Amino acid sequence: MTDNKSGSNLEKLLRSGKFAVTAELGPPRGADRSVIEKKASILKGYGDAFNITDCQTAVVRMSSIAAGRIVLDAGVEPIIQMTCRDRNRIAIQSDLLGAAALGAKNLLCLTGDHQKFGDHPMAKGVFDMDSINLIHMVKTLRDEKKFQSGQELKASEPRFFIGAAENPFADPFKFRAIRLAKKITAGADFIQTQIIYNVPKFKEWMKMVADMGLHEKAFILAGVAPLKSAGMAKHMKHNVPGMDVPDEVMNRMTTASAAKKGKEEGIKICLEVIEQVREIKGVAGVHIMAVEWEEAVPEIVQQARLYPRPAV
Amino acid sequence: MKPALHNFQNKKRQFLMIVAASKPFQEIKQMLSGFKKVCVLGCGSCVTICHTGGEKQVAELAAQIRLAAKLEGRQVEVLEDSTLRQCEWEFIDDIKEIIKDCDAVLSIACGVGVQYMAERFPRIRIFPGVNTTFMGGPTEQGIFWERCAGCGNCILATTGGLCPVSRCAKSLMNGPCGGSQNGKCEVSQETPCVWNQIYDQLDTQQLLATMETIVPPKDWTTGMENHPRKMVIEHLVMKK
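S.K.: Help me understand the domain arrangement of chain B in this model?
M.R.: Interfaces are often sized by the accessible area lost when the parts come together. Partitioning chain B into structural domains gives domain 1 (15-134) and domain 2 (149-213 + 220-226). Domain 1 of chain B and domain 2 of chain B are separated by 36 Å when their C-alpha centres are compared.

S.K.: Is there a simple way to explain the packing of aromatic side chains in this structure?
M.R.: One pair of aromatic rings is described through two measures. These are the centre distance and the angle between the planes. Considering all chains together, one arrives at seven aromatic pairs over all chains under this definition. Aromatic side chains Phe-175 of chain A and Tyr-199 of chain B sit 6.1 Å apart centroid to centroid with 65° between the ring planes, which places their arrangement in the edge-to-face category. Of this pair, Phe-175 of chain A sits in helix α6 (residues 173-186) while Tyr-199 of chain B sits in helix α8 (residues 194-204), which puts the two residues in different chains. Residue classification places Tyr-199 of chain B among the buried positions, given a relative accessible area of 8%. With a centroid separation of 5.9 Å and 35° between ring planes, the pair formed by Phe-202 of chain A and Trp-205 of chain A is classed as tilted. Of the two residues, Phe-202 of chain A and Trp-205 of chain A are both situated in helix α7 (residues 199-211); the distance of three residues between them amounts to about one turn of the helix. By the ring-pair criterion, three or more aromatic residues cluster together here, those being Phe-161, Phe-190 and Phe-219 of chain A. Against the face of Phe-173 of chain A rests Lys-201 of chain A, its NZ or CZ located 4.9 Å from the ring centre. The positively charged end of Lys-218 of chain B is found above the aromatic ring belonging to Trp-220 of chain B, 5.7 Å away from the centroid.

S.K.: Explanation requested: the confidence of the model for chain B in the structure shown.
M.R.: One rule of thumb: low pLDDT means the predicted coordinates there are not for detailed reading. Taken as a whole, chain B shows an average pLDDT of 93; of its residues, 93% reach a score of 70 or greater. Model confidence for the complex is summarised by a pTM of 0.94, with the ipTM given as 0.95.

S.K.: I would appreciate a short explanation of the pairing of strand β8 (residues 283-288) of chain A in the present structure.
M.R.: Walk down a regular strand and you will see the side chains alternate between the two sheet faces. Residue and element names in this part refer to chain A. Where burial is concerned, most of β8 is hidden: six out of the six residues are buried. One ladder, built from four bridges, connects strand β1 (residues 20-25) with β8; its direction is parallel. Paired with Val-21 across the bridge in β8 is Val-286. The pairing of strand β7 (residues 219-224) with β8 spans five bridges and is parallel. Each residue of the ladder has a partner; that of Ile-220, found in β8, is Val-283.

S.K.: Explain the sheet that holds strand β3 (residues 77-83) of chain B to me, please; I cannot follow it from the model alone.
M.R.: Backbone hydrogen bonds hold the strands of a sheet together, and the pairing may be parallel or antiparallel. Residue and element names in this part refer to chain B. Taken in spatial order, the four strands make up an open sheet running β3-β2-β4-β5, and their pairing is parallel. Among the strands making up the open sheet, the edge pair consists of β3 and β5 (125-128). In this sheet, adjacent strand axes meet at a mean angle of 25° when their direction is disregarded. Relative to strand β4 (residues 104-107), strand β2 (residues 37-43) runs parallel, the two being bridged by four bridges. In the strand pairing of β4, Val-38 is matched with Ala-104. Contacts between helix α1 (residues 25-32) and the sheet are confined to β2, β4 and β5, with β4 contributing the most and set at about 160° to the helix. Along the sheet, helix α3 (residues 55-71) contacts β2, β3 and β4; its crossing angle with β3, the most-contacted strand, is approximately 170°.

S.K.: In this structure, what is going on with the interface of chain A and chain B? I would like to understand it.
M.R.: Taken together, the contacts link 30 residues of chain A with 27 residues of chain B. Taken together, both faces of the contact between chain A and chain B bury some 2,300 Å²; the carbon and sulfur share is 54%. Between chain A and chain B we count zero salt bridges in total. Taken together, the connections running from chain A to chain B amount to 19 residue pairs in polar contact (both at pLDDT 80 or more). Where the side of chain A that touches chain B is concerned, the elements lending two or more residues are α5 (131-144) and α6 of chain A. With eight residues, the single largest contributor to the side of chain A that touches chain B is α6 of chain A. Its residues placed into classes, the side of chain A that touches chain B shows twelve nonpolar, eight polar and ten charged.

S.K.: In this structure, what is going on with helix α2 (residues 33-43) of chain A? I would like to understand it.
M.R.: Each full turn of the α-helix corresponds to 3.6 residues, which orients residues three or four apart in the same direction. Residues and elements named next belong to chain A. Every buried residue of α2 is listed here: Ile-36, Lys-39, Ala-40 and Leu-43. Buried residues of α2, viewed axially, fall in a sector of 100°; they line one side. Relative to its buried face, α2 has exposed residues pointing more than 90 degrees away, namely Lys-38 and Ser-41. Buried residues belonging to α2 abut β1, β2 (49-52), α3 (64-73) and α11 (296-303). Directly beyond the C-terminal end of α2, a positive phi value near 90° is found at Gly-45.

Scoring rules and cut-offs
- Residues numbered from 1 in each chain as written.
- Chains lettered and ligands numbered in written order.
- Predicted model: local features only at pLDDT ≥ 70, side-chain atom pairs only at ≥ 80, totals over all residues.
- Heavy atoms only, no water.
- Domains from an automatic or database assignment.
- Phe/Tyr/Trp six-rings, centres within 6.5 Å; stacked < 30°, edge-to-face > 60°.
- Helix = DSSP H or I, 4+ residues; strand = E, 2+ residues; numbered from the N terminus.
- Buried < 20%, exposed > 50% of the residue type's maximum accessible area, 1.4 Å probe, protein only.
- Lys NZ or Arg CZ within 6 Å of the ring centre and 35° of its normal.
- pLDDT = per-residue confidence, 0-100.
- Pairing = 2+ DSSP bridges.
- Axes fitted to C-alpha atoms, helices over the stretch in contact; angles between N-to-C directions.
- Contact = heavy atoms within 4.5 Å.
- Buried area = accessible area lost by both parts, 1.4 Å probe.
- Salt bridge = Lys/Arg side-chain N within 4 Å of Asp/Glu carboxyl O.
- Polar contact = N/O pair within 3.5 Å; in protein donor to acceptor, adjacent residues only side chain to side chain.
- Nonpolar A, V, L, I, M, F, W, Y, C, P; charged D, E, K, R; others polar.
- Arc of directions from axis to C-beta.

Right, here's the structure in full:
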């Protein structure tokens, strides 16, 4: 895992063996670039690269590629998220050429949340291919200079540091490490996991991953997220697909929320999870998903003693 | 030896078929408003088995149309009939005499039947009385599930005989997504995750290694994205 394929800071940092920090920056539901600039200024310096979500939960938001360019202008490195929900292979490849031309170097490949969850449930879901196919397509463009059809790419190829997601808490549990292996075989260079609240289960999964040697083939970033309140914990547990929020976390948030200290407790739990996961063999970094709560990231990164971020 | 027919009449519940749901009566009423002589036409195949387009439903719908007209003080003559299959010319040709004076036909066959009628009888307005929903079958009394998307390129040989194209909400090709929990699909707690079922099936058959193989993006050229599709069976085609 030494050759730098994309020239991104995130890739350089991970390849140099440093513990990485990524966080999420959600584009607005509008055409105002200042919202992104403000978020970027809050997050700048508190992470190595930031995920620009692609209409997450199937809600219309500003394009991740456009928002990614604004983030770049603000001096922050983006990780462009790309889903298979809204585009077929023609549109995806077209957008990837555009994203690369605009300076994007990191790409997270996702299947995407089903349109049913979003603000346009009547929309036609595309799903021409799945995330594993998408990863392979991006790798083929980069390493073989070929389009998905097999046709040769005769001009400059898009060179992305390829990311993928995996959820250790989904079922069948035994398949979860195998699915990760498929993503890595397909071409994933780094992995960001689903939000971890159940650390023992994550450990169990990481053991399977390490036994298969996968942590040596891709950089695995553990996903964390601060809870704001008992209500949010409940929502996560019951309404967010693939989430595992143990009772202990629920109880702590309920007690704290009652004492109007939900946010403090949420950050405390998040810090505890970070402390525990960074000790696990094969964890190369953390990915902080503070959804619409970007202000929490600097506090978490500082308190976790992950600040300042190393220069590469 | 001739294969046994397994008493088809008593095993109707095992048919794979086109499933259709009744349209809301308000919509039907609106479609038929202004017509004086209407024929409600059922179909004796798939939609009879799923209890939305058979003779019984013809009678019920006709009565409903008559009653609605009466309540609104309108005069409407409603005929009732059914064919064995609306998707074959020879069966619908028999209908000609019955519907010849009608202003409109409400076909409660699937979309195929409705179109056969429209193509055969271009002077008569043909309206759909059902919403054709999917290819599937009843898994238990009164409950129907989709089973086939008609993708034209069957992959059931590698998926334990269970179809991810029609039964996975995202038509994934490489195993369950991160939303599969406790055997359920993230889209609905009522929907089993078919990839979880495929996993169990392949596990039982000691074929789990199949799921480690990366399946390339599906070739949709034979799928409904490329409709209208056509199939030719050469030896059956009449020489001109």
